[in-house]
Each structure stands twice: as C-alpha cells, then as structure tokens.
Amino acid sequence: MKRTRKMVWLTVVALVLAVAVVLPAQAQAVSTRGKAISAYKNLLNTAIRKKTIPETDSKGKTVGYLKLNRGIGKFRIVDLNSDGVPELVIKPSWNTNSNTTCAPKSYNTMLFTYYNKKVYLAGHEYGLDNYKLSKKTKLFLGSGQYHGYTMRGYRILKKGALVTMGMRFRNDMTNEYSYTLKGRDCSKTTLNNYLKKNYGVALGASYVKASYKKITKSNIKKYCK
C-alpha cells in the first residue's frame, strides 16, 4: 500500500514538473507572437504613411528603404515554419525601387520574420512566393516561375535569415527536372530522402494556398492578429 502511494505521489510530482516546464514555454511563444504582430503593424502602417518598406541586414539593422512608386501592395500574416510566431509576407506594388546597391530593383515578395526582438527582412525575391506546408514542420515552400523554369524551394528560417535546403527545377520547354541539395546538384532520390529524414516531408508535399490582403489601415487592424 505504501509503495502504491509512493508511486502515485511520484507520478503527480512528475506531471506537475512537466506542466511547469511546458506552460512557461507556451507563454513565451504567445508573448513573442504578440510582439511580432505589433512590430508588423508598425511596419505596415509606416509603409502607408511614408510609402517605403525597410530593408535590413543580417543583424536586423535597417540599411535602406524600398520606395513604392505605385500604391503600396498586399500582405499576409502566416506562421510559415510552425514555431508559433508568424511571418509577414509583402507583395510590394510594381515598379518599386531600392536605394541600396545590393538589392534588385523590384521584388515579387518580401519575407519578414521576428527574431531576437527585431523584424528581419529574411529574403526579397523575384519569381517566388513562400507557402506553409500542410504538415506541421519548420520547413516551408518557396514556389514560382522565372525565365522558363517552374521552381520549388524547400526552406527554413535561421537566425532571421532565409535558408534554402533544396530545390526542384522544371524546364517548362522540355519538361525535364533537376534538383539541388544545399546548393549542389543531386538526384531526385537524394533530395527526397533528405527531406523525409530531416523534416518528415517529401518532394511534392501539399501546401496552404496564399491569401493576400491590400495594405490598408482597416486590413492591418483586421488581419494582423
């Protein structure tokens, strides 16, 4: 009887300790999410007011601004890597210009993430958009078309930066496929096995379709949650 009571008591203590560990982590994620949303709201409202979008370096420091020549653009809030803290994806208005020398003159999408208490421009791209995979994983998808190729990039976020782990290219003229793993040519099987082993997803995994909203004050208030 005493042994049974001891076992019950130890089980209760273990459960209490487990809850004590999990709850602070969840609370931290919720707190970080709120701070990220607040920072994104500020960025979007500033875009309306000044018709510019900031560009940051690898340390989250603003190094230039994207000037919006026609309108402002569209946005969406999405947790691409399923970590509880969402990202901000912006489609700037066309014919935008950057006042930094290292950036292209126009982008299809700009991906912002919240890391280390700052908003980082994780990636600015031409030809690709980013999508959350249907299966919960820190991996997400970059997909689009550019210069005769249909592309799929399998990506993660690392310290506020966009990192492409693998790519699949399809030549739209010949319908031939090619693959890369961490920037090097590889076979379809090699890339597929790597993705399944490390992230639990395979080539061709389904993803969540993107839904953008026009950057307006009312939409920022309604959808930045």
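Quick note: structure is the one above.
Parameters and conventions
Residues numbered from 1 in each chain as written. Predicted model: local features only at pLDDT ≥ 70, side-chain atom pairs only at ≥ 80, totals over all residues. Heavy atoms only, no water. Helix = DSSP H or I, 4+ residues; strand = E, 2+ residues; numbered from the N terminus. Buried < 20%, exposed > 50% of the residue type's maximum accessible area, 1.4 Å probe, protein only. Contact = heavy atoms within 4.5 Å. Areas by Shrake-Rupley, 256 points an atom, 1.4 Å probe, with all protein chains shown as cover. Pairing = 2+ DSSP bridges. Axes fitted to C-alpha atoms, helices over the stretch in contact; angles between N-to-C directions.

**Q** Teacher, can you tell me more about the overall build of the protein chain here?
**A** Of regular secondary structure, the protein chain possesses three helices and 14 strands. Burial statistics for the protein chain: of 225 residues in total, 42% are counted as buried. The long-range share in the protein chain, meaning contacts at least 24 apart out of those at least 6 apart in sequence, stands at 48%. For the protein chain, the computed accessible surface area is about 13400 Å², with 54% contributed by carbon and sulfur atoms.

**Q** Mind showing me how you'd approach the sheet that holds strand S13 (residues 184-186) here?
**A** With antiparallel pairing, six strands are arranged side by side in an open sheet as S8-S9-S10-S11-S12-S13. A strand with exactly one partner marks an edge of an open sheet, and here the two such strands are strand S8 (128-131) and S13. Strand-to-strand twist in this sheet, taken as the mean axis angle between neighbours without regard to direction, amounts to 30°. Across three bridges, strand S12 (residues 177-181) lies against S13 in antiparallel orientation. Considered in S13, the bridge of Tyr-179 is made with Cys-186. Packed on one face of the sheet, helix H2 (residues 188-199) meets strand S10 (149-158), strand S11 (161-171), S12 and S13 and runs near 45° to S12.

**Q** What am I meant to see in the environment of Glu-176 here?
**A** Mapped onto the secondary structure, Glu-176 falls in the loop between S11 and S12. Its relative accessible area of 54% is what places Glu-176 among the exposed residues. A C-alpha to C-alpha distance of 9.8 Å links Glu-176 and Tyr-149, two positions 27 residues apart in sequence. Those residues in contact with Glu-176 that lie beyond four places of it in its chain are Phe-169, Arg-170 and Asn-171.

**Q** It is not clear to me how the side chain of Asn-81 should be interpreted in this structure. Could you clarify?
**A** The topology assignment puts Asn-81 in the loop between strand S3 (73-78) and strand S4 (87-92). Classification of Asn-81 as buried rests on a relative accessible area of 10%. The contact partners of Asn-81, leaving out residues within four places of it in the chain, are Glu-87, Thr-137, Lys-138, Phe-140 and Leu-157.

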